[in-house]
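Reading the structure
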Amino acid sequence: MDGDRVEIDGGVMEGGGQILRVSTALSCLLGLPLRVRRIRAGRSQPGLRPQHLSGLEIIRDLCDGKLEGGEIGSTEITFTPGKIKGGTHIADTKTAGSVCLLMQVAMPCVLFAASPSELHLKGGTNAEMAPQIDYTVMVFKPIVEKFNFTFNCDIKKRGYYPQGGGEVLVQMSPVKELSPVNLTERGTVTKIYGRAFVAGALPIKLAKDMAAAAVRCIRKEIRDLYINIQAVREPDDQAFGTGSGIIVVAETSTGCLLAGSSLGKRGKNSDKVGIEAAEILLRNLKHGGTVDDSLQDQLIIFMALAKGVSRVKSGPITLHTQTAIHFAEQLTKAKFTVTKSEDEDPSKDTYIIECQGMGMINPNL
């Protein structure tokens, strides 16, 4: 069997957990046995962390696959996929490991399952170094559904660093195939809205301060738009632990959604949290692309699987996106090209990511 295994070097390019997520999801979808070496070689603590292991385990369970080397700290795994089935699956990082990253690895697979799936994902809902669950619901969901599928994401409980304890329920039905997307027209910003939250022991005043600071920051650049950032205190029965943060979303006339978000932490001034989110949003609005930096790489696997040509206009290509493209091309027959966008004024750093998708067909439907 080993002669047919696809060999993946987990230490190249971005050198982190994303290589594992993209390659194991595609291995599962395409029925390709896989060996990943040098896992997270680029990180201060190389090897599998709880969140990566949970991601591998949910993929293994989704397809009755075989996983070897699946323990914390392991720098090499082999994975042999089986047939993707629907049904109920639970993944629990038992830490503040991101539920959104668990969703990233599982979602492409359950789209091509034999029957509807229900994923119970446990861990951190608002974690550093990962999309916040608010981002997933407010930005990722409406855009990724343009590939012609829908999913339901129910936040049962929020969980924060360091304990996690959050739980999200994702429900989705399989599709026959994915449609390509064309996200090349930015349009004009029509509204800006968001959510500043506190949970646990923190007072609502902090949320209000974050929101006010974000609004002040955006006002310097964008004067004529109403900005609606709600300050909320998460109900105690719907949050575990103490946390705070903010997300600010800009919606455009063509239906694009771009965001900036930031998390509070001990010793970090709440104004600074709000300003950080606002600055990320403004930076994403400046480049003229239709997607922000966080969405760019999350769309790659769907573009690769879709039937036909997808086109996305983005700002500067992130290393995460380059890495996702590299492994999507290595494992599928999809072909990507990235070109500097011509129609912009030269001061804008805008690119077109184009993909001739492989046209994955669900064999079960």
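Residues numbered from 1 in each chain as written. Predicted model: local features only at pLDDT ≥ 70, side-chain atom pairs only at ≥ 80, totals over all residues. Heavy atoms only, no water.

Using the following cut-off: UniProt positions are given in the numbering used here, feature names are shortened, and annotations may be inferred rather than shown by experiment.
Per an unreviewed UniProt entry, the protein chain goes by RNA 3'-terminal phosphate cyclase and derives from Crotophaga sulcirostris. Quoted verbatim from the Catalytic activity (unreviewed entry) field of UniProt, the annotation for the protein chain is "a 3'-end 3'-phospho-ribonucleotide-RNA + ATP = a 3'-end 2',3'-cyclophospho-ribonucleotide-RNA + AMP + diphosphate". The protein chain has a UniProt comment under Sequence similarities (unreviewed entry) that states "Belongs to the RNA 3'-terminal cyclase family. Type 1 subfamily."

Overview of the pattern of salt bridges
For clarity, the cut-off: The term salt bridge refers to a pairing of a side-chain nitrogen on Lys or Arg with a carboxyl oxygen on Asp or Glu at a separation within 4 Å. Strands here are runs of E lasting at least two residues and helices are runs of H or I lasting at least four, both read from the DSSP assignment and numbered beginning at the N terminus. Accessible area is worked out with a 1.4 Å probe on protein chains only. A residue is then buried under 20% of its type maximum, exposed over 50%, and partly exposed in between.
Enumeration over the complete set of coordinates arrives at 23 salt bridges. In this structure, R38 engages D9 in a salt bridge whose closest nitrogen and oxygen atoms are separated by 3.0 Å. Of the two residues, R38 is situated in the loop between β2 (34–37) and α2 (50–62) and D9 in strand β1 (residues 6–9); the sequence distance between them amounts to 29 residues. Under the relative-accessibility criterion, R38 is labelled partly exposed at 46%. In this structure D9 comes out as partly exposed when scored by relative accessible area, which is 30%. As a salt-bridge pair, R311 and E354 come within 2.9 Å of each other at their nearest N and O atoms. In this pair, R311 sits in strand β15 (residues 309–314) while E354 sits in strand β17 (residues 351–356), placing the two residues 43 residues apart along the sequence. Shared partners join several salt bridges into a network, and the residues in it are E7, R35, R37 and E76.

A closer look at the packing of helix α1 (residues 17–30) against helix α9 (residues 319–331)
Just so we agree on the cut-off: Geometry is summarised by axes, namely lines fitted to C-alpha atoms with helices restricted to the contacting stretch, and by angles between N-to-C directions that run from 0 to 180 degrees. The scheme is simple: roughly parallel for angles under 35 degrees, roughly antiparallel for over 145, roughly perpendicular for 65 to 115, oblique for anything else. Here is the rule for handedness: rotate from the far helix to the near one, and if that takes an anticlockwise turn smaller than a right angle the crossing is left-handed, while a clockwise turn gives right-handed. In what follows, a contact means two residues having at least one pair of non-hydrogen atoms within 4.5 Å. Just so you know the grouping, Ala, Val, Leu, Ile, Met, Phe, Trp, Tyr, Cys and Pro go in nonpolar, Asp, Glu, Lys and Arg go in charged, and all remaining residues, Gly too, go in polar.
In the contact formed by α1 and α9, the axes pass within 10 Å of each other and the chain directions differ by 25°. The angle between α1 and α9 places the two elements in the roughly parallel class. By crossing handedness, the relation of α1 to α9 is classed as right-handed. Across the interface between the two elements, Q18, I19, V22, S23, L26 and L30 of α1 pack against H320, T323, A324, F327, A328 and L331 of α9. Classifying every residue of the contact of α1 with α9 by side-chain character gives eight nonpolar, four polar and no charged.

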